[in-house]
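Structural characterization, general
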Amino acid sequence: MSVELNHTIIHSRDNRESAEFLAHILGLEVGPEWGPFVPVNTSNGVTLDFAAIPVESIVMQHYAFLVSDEEFDAAFERIERAGITYFADPHGKQPGEINHHHGGRGVYFMDPAGHGMEIITTPYTFPEQ
């Protein structure tokens, strides 16, 4: 058996709010609540289990999602329609822009719990060529 990421737990202030936020942006569905988790399944079989914890315990994490050009267009449209602040860079120095790294497109935005979310159309290769 090869090693694959199966699931991860994402801390949030409100597990349903965060799950619904990300599912909406990415065009995914929120699964049924299971114990303390509200799951969102990605197309490669990874489940993001959102769990509510005290806000002072949340440590910002970064989650990047590889999407097709069509999925990027749809997600970016939902980001703009919702008035979500977005950036071309992870440090927030290029607001209102997207990037074109590695021959694709990418954008960064924050989720309701303060996690850095990223959508990209081309996997990163290093060093950038």
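Predicted model, so just to flag it, every value in this text is computed and none were measured. (Residues numbered from 1 in each chain as written. Predicted model: local features only at pLDDT ≥ 70, side-chain atom pairs only at ≥ 80, totals over all residues. Heavy atoms only, no water.)

**Brief notes about the overall build of the chain**
Looking only at helices and strands, the chain has two helices and seven strands in total. In sequence order, the chain lays out its α and β elements as β-α-β-β-β-α-β-β-β. The C-alpha radius of gyration of the chain comes to 15 Å, within 12% of the 14 Å expected for a compact globule of 129 residues. Summarising its shape, the C-alpha atoms of the chain cover approximately 45 × 40 × 25 Å along the three principal directions. Relative to its 129 residues, the chain shows a buried fraction of 42%. Excluding contacts between residues fewer than 6 apart, the proportion of contacts in the chain whose partners are at least 24 apart in sequence is 52%. Total accessible area computed for the chain in this model is approximately 7,700 Å², and 54% of it derives from carbon and sulfur atoms. In the chain, 6 side chains carry a positive charge and 19 a negative one; their mean positions are 5 Å apart. (Helix = DSSP H or I, 4+ residues; strand = E, 2+ residues; numbered from the N terminus. Rg over C-alpha atoms; globule rule 2.2 N^0.38 Å. Buried < 20%, exposed > 50% of the residue type's maximum accessible area, 1.4 Å probe, protein only. Contact = heavy atoms within 4.5 Å. Areas by Shrake-Rupley, 256 points an atom, 1.4 Å probe, with all protein chains shown as cover. Lys, Arg positive; Asp, Glu negative; His and termini not counted. Charge placed at Lys NZ, Arg CZ, Asp CG, Glu CD.)

**What to know about the UniProt feature "domain: VOC" (unreviewed entry) in the chain**
The UniProt record marks residues 4–122 with the feature "domain: VOC" (unreviewed entry), using the residue numbering of this structure. Along residues 4–122, the helical share is 21% and the strand share 29%, with 20 Å between the first and last C-alpha atoms. (UniProt positions renumbered as here; feature names shortened; annotations may be inferred.)

**Overview of the nonpolar core**
Core analysis: the largest hydrophobic core is formed by 25 residues, its most contacted members being Ile25, Phe65, Ile79, Phe109 and Ile119. Only α1 (15–26), β2 (37–41), β3 (47–52), β4 (62–66), α2 (69–81), β6 (106–110) and β7 (116–120) provide two or more residues apiece to this core. Element by element, the count of residues in this core is highest for α1, at six residues. (Core = buried A, V, L, I, M, F, W, Y, C linked by side-chain atoms within 4.5 Å.)

**Let's talk about the environment of Val3**
Of note, Val3 is situated in the segment before β1 (7–12). For Val3, a relative accessible area of 84% gives the class exposed. As for Val3 and Val67, which are separated by 64 residues in sequence, their C-alpha atoms are 22 Å apart.

**Comments concerning the sheet that holds β7**
The four strands are arranged β4-β7-β6-β5 in an open sheet whose pairing can be described as mixed. In the strand order of this sheet, the two ends are held by β4 and β5 (86–87), each with one partner. With two bridges joining them, β5 and β6 adopt antiparallel strand pairing. If you follow Phe87 over to β6, its bridge partner there is Tyr108. Along the sheet, α1 contacts β4, β6 and β7; its crossing angle with β6, the most-contacted strand, is approximately 160°. In this fold α2 packs onto β5, β6 and β7, with an angle of close to 35° to the strand it touches most, β6. (Pairing = 2+ DSSP bridges. Axes fitted to C-alpha atoms, helices over the stretch in contact; angles between N-to-C directions.)

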